[in-house]
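Working through the structure, step by step
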Amino acid sequence: MTLRLAFSGIRRQPLASLASVFFIAASITLLTLTSLLSCQLYGSIDSLMDQAQVPDILQMHAGSVDEQDIKDFADRCPQIAGWQISSFLNLNNPAVRLKDQSLAGSTQDNGLVIQPEHFDFLLDLSGSKPEVQPGEVYVPVAYRGLYDLKAGDIMTIGSDSLIIAGFIRDAQMNAMMCSSKRFLVHPQTLERLQDAGVQETLIEFMLADGASPSQFRRIYEDAGLPASGPFIDRSLIRMMNVLSDGTVIFLLFLVSLAVLAISLLCIRYILSLQLEQDRQQTGMMKALGISRKAVRKVYFARYALLTVPGILTGLLAALMVQGPMLEQLRELYGTAPDSSAAGLACMLAAGVTALIVLVSVRLSLRSLDRQSPLDALRSTEHTRRTGTRFMTVAVCAGCTFLVLVPLFLSHTLSSPGFVTSMGIGDAQLRLDLASAQTAGFVTERLEKDEQVKKWSLLTTYGQTVRLTDGTTLSLPVETGDLEAFPVTCDKGRLPEKENELALSVLAARELNLEPGDTLQLEDQPEPFVISSLYSDITNGGKTAKGLHLETEQDPVWTVGYVSLKDSADPQSWMESMSGAGISVTSIREYVRQTYAQTLHQLDLAAQLAACTGLFITAVVMFLSIRLSIQQNRDTLSLKKALGPEKWLCWLVLEQLGATGFSFDIPWFSALAVLFLIPAAALTATWCSLSVLRCITPCECFRGKESS
């Protein structure tokens, strides 16, 4: 009986039923898509890292090393399960061209390598180790789309040319957020091109089971082995890969939650309209002695039935739209090997969404318990109109938020000013310097250059902090004139004294420090006072900044920031400054390249959110007007019989714009969105009003009800 009554209610109100299915499906689509992308991202990254046998520890070093020293260290260190030394020929970017495009503006350290012998393999797109021939080169897969490359194109290094034989996935340096990219060549080719770049070394270790990377770092440093470069562990490599695309997936998850909230609001409104439309029937059922529980059960069964097509439609839609979103993930990391986890995650997401909808329906049905048979006969016109207006305004506001947030985030990430939240000064140009000798030359030139408006050279040293549990934390400390191009401080101010240190938010969180606390670096004689906390996503987000360090260590790296006078030509200045050991990049290009992968995915997410928001707005407006007309059909028929038709003014909608976001706002795009939302609403309103032509003046006299 309950199922028959539920099916009967669905047939009597097809418009409301279809709308409910739509909102259930919309929520399930986005949450399922989020689950699919998450499983693909984590599964493919882990699979690629396992296939490539990514090292547990990587120590980069500028220059060559004595292999015998590393061998002796490995022989006496029980924590080491395997080791190898790989050469990295760091090329001079202005001398490199991919097809017809120069790498002069590249923010990456581009270098030639040969296939490692024991682990850390470079894999082709089929997951195998490619057999590169003399005169050939395999290019990082991230560059295929960035520079529009294909097999057979030419890579030029100075006067030498190499044929691009294919593309490689580098599990260690795949993401554009990583600062280096490896090009795979034959040993003969690497030997022939030794004079084309600067020799660097990758010292790599596989650790024994149970060995701690932080403790191993301490042992390595105590041994006095080469360390003039970043110290990277496997977890940091994984995090950098995840950050590139995980940011977009997290945004999509937030969009999914927003759509779910809007859908619950709309379903609750539809249910309330249905309850009011059936008000007299439910009141009569109660008067005849039918229990409230039995009445609730009929409505609950109706929505339980509607969740079935909602789930199926949502899953199908998610499978249809996943292609463009998965394309980049599969390009960079390959396909996740275990599809069962993705299927289980999708079913779980769909099931949880349907459960949330049904719980919301169950809570909404409590209003039946408070309704007496006498209440069923009373008018609720004012309450209904108030609910309609509230729902319309709330949905329009929510959809505006849904469309604008991805748009604003995309624009903010591509803005040059965003670098101050990355731990980088807001300058016009960035200089990456290869050595201390190069830094001296650059300093002398910048001091005399009349085209330079402002400049600063910042030197980074590798420091270590011992934690309370005895482990250590690697902390790159950047020193120099921090006020020339200041970063954004979340708390406090930048260091003004030599005994002060600014700490990144993530480092402060791990060390449990706040401004005013002290921090002892193991290489320094006196503790530092923490003057501020700042945002940073470089080097794993755990960094520090100070004016000066007392140390005999060689710098890990040196970078320069420059702003030119208005009369200067930035492109000509960059070309004149670029040379051996000096890479010059505009900050705008630095941000674009660093977030190239993220911005591509973010654009797709923004387009999906825009289409979803506009479509939901149109559906809600169409639904609310049609349901309102259906409920007031007799009244409208009477007004037609009486003649005046100017009553339509009450259908004019109140619109609400979403403002107050702390973003770098693209005003033209934002205004376009604020125009499209009302346009979608008004278009849906105009379409829904077409039903008025079907209402005849005589209906009110014969009590006819039709849809």
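None of these values were measured; they are calculated from a predicted model.

Another aspect to go through is the packing of helix α2 (residues 14-52) against helix α9 (residues 292-333). As a packed pair, α2 and α9 sit with axes 5 Å apart at the nearest point and diverge in direction by 35 degrees. Crossing hand, α2 versus α9: right-handed. Of the residues belonging to the contact of α2 with α9, the class tally is 24 nonpolar, 11 polar and one charged.

To continue, consider the packing of aromatic side chains. For the coordinates displayed, the defined rule picks out 10 aromatic pairs. Measuring from ring centre to ring centre gives 5.9 Å for F73 and F216, while their planes differ by 55 degrees; the resulting arrangement is tilted. Placement of F73 in helix α3 (residues 67-76) and of F216 in helix α6 (residues 213-222) is noted, with a sequence separation of 143 residues between them. In this structure an aromatic cluster arises from ring pairing among F73, F205, F216 and Y220. If you follow K129 out to its NZ or CZ, it ends over the ring of F121, 4.3 Å from the centre.

This brings us to the environment of L91. Summarising the element assignment, L91 is placed in strand β2 (residues 80-91). Assessed through its relative accessible area of 6%, L91 is described here as buried. Filtering out sequence-adjacent residues up to four positions away, L91 remains in contact with V96, N110, G111, L112, M155, I157, A196 and G197.

Contact geometry for helix α1 (residues 2-12) and α9: axes closest at 8 Å, N-to-C directions at 65 degrees. One way to sum up the angle between α1 and α9 is to call them roughly perpendicular. Between α1 and α9 lies a crossing whose hand is right-handed. In this structure, α1 contributes T2, L3, L5, A6, F7, G9, I10 and R12 to the contact, and α9 contributes K297, V298, A301, R302, L305 and L306. Taken together, the residues of the contact of α1 with α9 break down into nine nonpolar, two polar and three charged.

Among the residues of α3, I70, F73 and A74 are the ones counted as buried. In a view along the axis of α3, the buried residues occupy a sector of 100 degrees, so they form one face of it. Those residues of α3 that are exposed and angled more than 90 degrees off the buried face are D75 and R76. For α3, the capping residue at the N-terminal end is D66, with a side-chain oxygen 3.0 Å from the backbone nitrogen of Q68.

A word on the pattern of salt bridges. By the definition in use, this model includes 15 salt bridges. Ionic pairing is found between D46 and R238, a salt bridge with its closest N-O pair at 2.8 Å. Residue D46 is located in helix α2, and its partner R238 is located in helix α7 (residues 234-277); the two are separated by 192 residues in the primary sequence. Judged by its relative accessible area of 31%, D46 is partly exposed. Where E331 meets R144, a salt bridge forms, and the shortest distance between an N and an O atom there is 2.6 Å. Of this pair, E331 sits in helix α9 while R144 sits in helix α4 (residues 142-146), and the two are 187 residues apart along the sequence. Taking the relative accessible area as the measure of exposure, E331 reaches 23% and is therefore partly exposed. A residue is classified by how much of its surface remains accessible, and R144, at 25% relative accessible area, is partly exposed.

Right, let's talk about empty space enclosed by the protein for a bit. Here the structure, examined in full by the defined rule, presents one cavity of 30 Å³ or more. If you trace the largest cavity, you find 13 residues lining it, with L458, E478, L482, F485 and V487 closest to the centre. Taken together, the residues that form the lining of the largest cavity break down as eight nonpolar, two polar and three charged.

Glancing now at α6. Restricting attention to buried positions, one finds in α6 the residues S214, F216, R217 and Y220. Take α6 and look down its axis: the buried residues cluster within an arc of 155 degrees, on one side only. Where α6 ends, the next residue or the one after it, G224, has phi of about 70 degrees, a positive value.

Below, the discussion takes up the confidence of the model for the protein chain. On average, residues of the protein chain score 79 in pLDDT, and 79% of them are at 70 or above. Considering each helix and strand of the protein chain separately, the mean pLDDT is smallest for helix α19 (residues 699-702), with a value of 50, and largest for strand β7 (residues 136-140), with 94. Note that residues 703-707 has pLDDT below 50 and, in this model, eight contacts with residues that lie over four places away or in other chains.

Of note, the phi angle at Q53 is positive, near 55 degrees, even though the residue is not glycine. Its place among the elements puts Q53 in the loop between α2 and β1 (57-62).

With that out of the way, let us pick up the nonpolar core. Counting 124 residues, the largest nonpolar core has F23, L112, M155 and I616 as its most contacted members. If near-sequence neighbours (up to four positions away) are discounted, M155 is found in contact with L91, V96, R97, L98, L112, V137, D160, S161, L162, I164 and F183.

About the thresholds
- Residues numbered from 1 in each chain as written.
- Predicted model: local features only at pLDDT ≥ 70, side-chain atom pairs only at ≥ 80, totals over all residues.
- Heavy atoms only, no water.
- Axes fitted to C-alpha atoms, helices over the stretch in contact; angles between N-to-C directions.
- Helix = DSSP H or I, 4+ residues; strand = E, 2+ residues; numbered from the N terminus.
- Left-handed = near helix turned anticlockwise from the far one by under 90°.
- Nonpolar A, V, L, I, M, F, W, Y, C, P; charged D, E, K, R; others polar.
- Phe/Tyr/Trp six-rings, centres within 6.5 Å; stacked < 30°, edge-to-face > 60°.
- Lys NZ or Arg CZ within 6 Å of the ring centre and 35° of its normal.
- Buried < 20%, exposed > 50% of the residue type's maximum accessible area, 1.4 Å probe, protein only.
- Contact = heavy atoms within 4.5 Å.
- Parallel < 35°, antiparallel > 145°, perpendicular 65-115°, else oblique.
- Arc of directions from axis to C-beta.
- Polar contact = N/O pair within 3.5 Å; in protein donor to acceptor, adjacent residues only side chain to side chain.
- Salt bridge = Lys/Arg side-chain N within 4 Å of Asp/Glu carboxyl O.
- 1 Å grid on protein atoms, 1.4 Å probe; cavity = no way out; pocket = protein on both sides within 12 Å on 5 of 7 lines; lining within 4 Å.
- Points joined across faces, edges and corners; volume = space filled by probe spheres on them.
- pLDDT = per-residue confidence, 0-100.
- Core = buried A, V, L, I, M, F, W, Y, C linked by side-chain atoms within 4.5 Å.

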